[in-house]
Amino acid sequence: MDTDDDLTAARAGDEEAFGRLVTRHRRELVAHCYRMLGSPQDAEDALQETLLAAWRGLPGFEGRSSLRTWLYRVATSVCLRQARRRPRLLSPDAGPPRTDVADLGEPVPGPVWLEPLPGDLVDDEDPATAYLRRESVELAFVAALQHLPATQRAVLLLREVLGYSAAETAALLDTTPASVNSALQRARAAVAARTSRSSQQAELAGLGAAGTAALVDRFVVAWERADVPALLDLLTEDVRFTMPPLPAWFAGRAAVGRFLTDRVFATPWRLTPVPVNASVGLLCEQYVDGGWRPGSVTVLGLRSGQVGWIAGFVDPALHRLFGTGSAGDR
């Protein structure tokens, strides 16, 4: 069936036809919900709520916009409701950097920490928009988004990531083009203040595939050998090391070096490179109690050929999103 046939059948109650319709847009909707909410798990929940609302509302869909636009309207509405009550942060926002490596604090409960996005959920099928879409799920950009009021967040994404006009965005959000343009101006300024001028896509392009692979290989080898001097050679002087959902974080090569020496390498590690947030990521496992256990899902932030920040997400449940569990030895 073509799209029109599926739409007609879905309106008549054909669930299989509805499934075919939404499958065409599923991945990009998940990515949109992730940008809005900062969590792949919350994004999946929002998608399910979106699909349920779309199924119920499909008989009233009049076709004045494309089905894709209508689905984005439903998804954005769902995410706005969630985003207004769920702030997302990275650990540097929880307090100043620490110097005592013995005290990492207690995990902060609740949906407050930004979470990493598996590479297979990045919406980059269209070569013309792939670079922009990858930039839009980079960890620093998504983190900056979470500091915006929910409506500004939606405006920025609809206008600059998804390419809707001011008039189309206003229609999606039930507001005016003037309000959209005002919100966009404020959102741009706020995000620019929290992100660097060079995106991770630009850093990766500057290194090239071979240069990136070599840098990651050196990082993995040094980490698995617990070679702190070799690791420090790869880090910028002002490197940051965060560990959501732990509030502790460390700033500067010297402090990070002490933390690696005194705490991190108390156990053996093995690392597997994997795309995370369209950037350099690693699945990190620790050898504990006779078996390999989830240690962290780690994202490396690159700057001028070095690692400028390390975000190690230490919630073991996140490993399941990347196809691994806690089954121990393999």
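Calculation notes
- Residues numbered from 1 in each chain as written.
- Predicted model: local features only at pLDDT ≥ 70, side-chain atom pairs only at ≥ 80, totals over all residues.
- Heavy atoms only, no water.
- UniProt positions renumbered as here; feature names shortened; annotations may be inferred.
- Helix = DSSP H or I, 4+ residues; strand = E, 2+ residues; numbered from the N terminus.
- Pairing = 2+ DSSP bridges.
- Axes fitted to C-alpha atoms, helices over the stretch in contact; angles between N-to-C directions.
- Contact = heavy atoms within 4.5 Å.
- Salt bridge = Lys/Arg side-chain N within 4 Å of Asp/Glu carboxyl O.
- Domains from an automatic or database assignment.
- Buried area = accessible area lost by both parts, 1.4 Å probe.
- Nonpolar A, V, L, I, M, F, W, Y, C, P; charged D, E, K, R; others polar.
- Buried < 20%, exposed > 50% of the residue type's maximum accessible area, 1.4 Å probe, protein only.
- Expected span 1.5 Å × (residues − 1).
- Core = buried A, V, L, I, M, F, W, Y, C linked by side-chain atoms within 4.5 Å.
- Phe/Tyr/Trp six-rings, centres within 6.5 Å; stacked < 30°, edge-to-face > 60°.

Identification of the chain as RNA polymerase sigma-70 factor, ECF subfamily from Geodermatophilus obscurus is taken from an unreviewed UniProt entry. According to the UniProt record, the Subunit (unreviewed entry) comment for the chain is "Interacts transiently with the RNA polymerase catalytic core formed by RpoA, RpoB, RpoC and RpoZ (2 alpha, 1 beta, 1 beta' and 1 omega subunit) to form the RNA polymerase holoenzyme that can initiate transcription." Per UniProt, the chain has the following entry under Sequence similarities (unreviewed entry): "Belongs to the sigma-70 factor family. ECF subfamily."

A separate point is the UniProt feature "domain: RNA polymerase sigma-70 region" (unreviewed entry) in the chain. Here, the residues flagged by UniProt with the feature "domain: RNA polymerase sigma-70 region" (unreviewed entry) are residues 21–86. Annotated as 76% helix and 0% strand, the span residues 21–86 places its first and last C-alpha atoms 30 Å apart.

Ordered in space as 2-1-6-5-4-3, the six strands form an open sheet in which the pairing is mixed. Two strands in the sheet have a free side with no partner beyond their single neighbour: strand 2 (249–251) and strand 3 (269–276). Strand-to-strand twist across the sheet, computed as the mean angle between neighbouring axes with direction ignored, equals 20 degrees. Where strand 1 (residues 235–242) lies against strand 2, three bridges are found, and the strand directions are antiparallel. In the sheet register, Arg240 faces strand 2, and the bridge partner there is Ala251. Seen against the sheet, helix 13 (residues 253–262) touches strand 1, strand 2 and strand 6 (306–313) and runs at an angle of roughly 50 degrees to strand 1.

Attention now moves to the pattern of salt bridges. As enumerated under the stated definition, the model contains 14 salt bridges in all. Linking Glu28 and Arg68 is a salt bridge whose minimum nitrogen-to-oxygen distance equals 3.1 Å. Taken together, the positions of Glu28 in helix 3 (residues 26–37) and Arg68 in helix 5 (residues 67–83) put the pair 40 residues apart, joining distant regions of the chain. Put simply, Asp6, Arg20 and Arg24 are held in one network by salt bridges that share partners.

Bringing the domain arrangement of the chain into the picture now. Structurally, the chain comprises domain 1 (3–193) and domain 2 (200–324). Inter-centroid distance (C-alpha atoms) of domain 1 to domain 2 is 27 Å. Counting residues at the interface gives 34 residues for domain 1, matched by 31 residues for domain 2. Regarding the contact of domain 1 and domain 2, the summed buried area is about 2,800 Å², with carbon and sulfur atoms giving 68% of it. In terms of surface lost to domain 2, no three residues of domain 1 exceed Val101, Leu104 and Pro116, which account for 23% of the buried area on that side. Remark: the boundary between domain 1 and domain 2 carries zero salt bridges. Mapped onto the side of domain 1 that touches domain 2, the elements with two or more residues apiece are helix 4 (40–57) and helix 6 (130–135). Of the residues belonging to the side of domain 1 that touches domain 2, the class tally is 20 nonpolar, six polar and eight charged.

Positionally, Thr298 belongs in strand 5 (residues 291–303). Of the residues examined, Thr298 reaches a relative accessible area of 6% and is grouped as buried. Excluding residues within four positions of it along the chain, Thr298 makes contact with Val280, Gly281, Leu282, Cys284, Ile310, Ala311 and Gly312.

What follows deals with helix 5. Between its first and last C-alpha atoms helix 5 spans 24 Å; for 17 residues at 1.5 Å apiece the expected length is 24 Å, and the two agree. Of all 17 residues in helix 5, 13 are buried, a share of seventy percent or more.

Time to look at the nonpolar core. If you look at the biggest cluster of nonpolar residues, it comprises 68 residues, and the most contacted ones within it are Leu58, Trp70 and Leu156. Those residues in contact with Trp70, other than ones at most four positions away along the chain, are Ala54, Gly57, Leu58, Phe61 and Ser65.

Quick look at the packing of aromatic side chains now. The final tally for this structure, using the stated rule, is ten aromatic pairs. In textbook terms, an aromatic cluster arises when at least three aromatic residues are bridged by ring pairs, as seen for Phe219, Trp223, Phe241, Phe250, Phe259, Phe265 and Trp269.

Mapped onto the present numbering, the UniProt feature "domain: RNA polymerase sigma factor 70 region 4 type" (unreviewed entry) falls on residues 140–190. End C-alpha atoms of residues 140–190 are separated by 13 Å, and the span's content is 78% helix alongside 0% strand.

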